Amino acid sequence: MSPAVHPPVPRLCLRVGAAGHRWDRLPAQAAGPVTARATEVLAALEADVTALCDAPGCPDGPPLFRIISPLAEGADRLLAAAALARGWELQAVLPFPAAEYERDFPDPSSREEFRALLARATAVQVLDATRPEEAPYARLGDALPRHADLLLVVWDGAPARGPGGTPE
């Protein structure tokens, strides 16, 4: 008689939502400091979650780390890239289908950066959204926290300029 075969035990997974200002509010010179600080925060999260896995009753195997980002220009991409550089998995939540979303990135190099990051995503959710009154960004702001255990947000402290802005 063979022992019962069971599916694997779920591994601990930390899901971090990435959000923040675009380049119109986040100056380009902030990219280095934002990336450095994000890397510090991600490393601290890794250390804390890994320590939990040393506790009795934690499933075998190292924890999984996942960054969830809308991949907009600016902070969204900086945070996603910092996490990918640390070996995290990337998943994306987009307000529109990718071809439509790209219209928000007028620079060809920005569209290429978006496509490159999107190609590295292990999962993509496209929200059922339309453009009137920028409501899709408000819906995106509602959806992102539902996919994350915590949010990592780059915010300048100023009020939102419209529905779905970073402060919301």
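Rules behind the numbers
Residues numbered from 1 in each chain as written. Predicted model: local features only at pLDDT ≥ 70, side-chain atom pairs only at ≥ 80, totals over all residues. Heavy atoms only, no water. Helix = DSSP H or I, 4+ residues; strand = E, 2+ residues; numbered from the N terminus. Expected span 1.5 Å × (residues − 1). Buried < 20%, exposed > 50% of the residue type's maximum accessible area, 1.4 Å probe, protein only. Arc of directions from axis to C-beta. Contact = heavy atoms within 4.5 Å. Patch = residues over 30% accessible without salt bridge, like charges linked within 9 Å, V, L, I, M, F, W, Y side chains within 5 Å. Areas by Shrake-Rupley, 256 points an atom, 1.4 Å probe, with all protein chains shown as cover. Salt bridge = Lys/Arg side-chain N within 4 Å of Asp/Glu carboxyl O. Phe/Tyr/Trp six-rings, centres within 6.5 Å; stacked < 30°, edge-to-face > 60°. Lys NZ or Arg CZ within 6 Å of the ring centre and 35° of its normal.

Caption draft 1: Here's a closer look at helix 4 (residues 108-120). Taking 1.5 Å per residue as the helical rise, helix 4 with its 13 residues ought to reach 18 Å, and the 19 Å between its terminal C-alpha atoms agrees with that figure. Of all the residues in helix 4, the buried ones are Ser110, Phe114, Leu117 and Leu118. Mapping the buried residues of helix 4 onto a view down its axis gives an arc of 100 degrees, with all of them on the same face. Along helix 4, the residues that are exposed and aim more than 90 degrees away from the buried face are Pro108, Ser109, Ala119 and Arg120. Looking at the packing, one finds that the buried side of helix 4 touches helix 2 (75-85), strand 3 (89-94), helix 3 (98-101) and strand 4 (121-126).

Caption draft 2: Broad picture of a nonpolar patch on the surface. Nonpolar side chains collect at one region of the surface, where Leu151, Val153 and Trp155 lie side by side and expose about 280 Å² of accessible area between them. Mapped onto the elements, Val153 comes out in strand 5 (residues 150-154).

Caption draft 3: Examining the packing of aromatic side chains more closely. Per the counting criterion, the structure on display carries five aromatic pairs. Here Tyr101 and Phe114 contribute two aromatic rings whose centre-to-centre distance is 5.4 Å and whose plane-to-plane angle is 85 degrees, an arrangement assigned as edge-to-face. Taken together, the residues span a long stretch of sequence, with Tyr101 in helix 3 and Phe114 in helix 4 at a distance of 13 residues. Residue class for Tyr101 comes out buried when judged on its relative accessible area of 0%. Take Phe114: its relative accessible area is 0%, and that puts it in the buried class. Here a set of aromatic residues connected by ring pairs shows up, and it is made of Phe96, Tyr101, Phe105 and Phe114. One Lys or Arg, Arg77, reaches over the ring of Phe105 and ends 4.5 Å from the middle of that ring.

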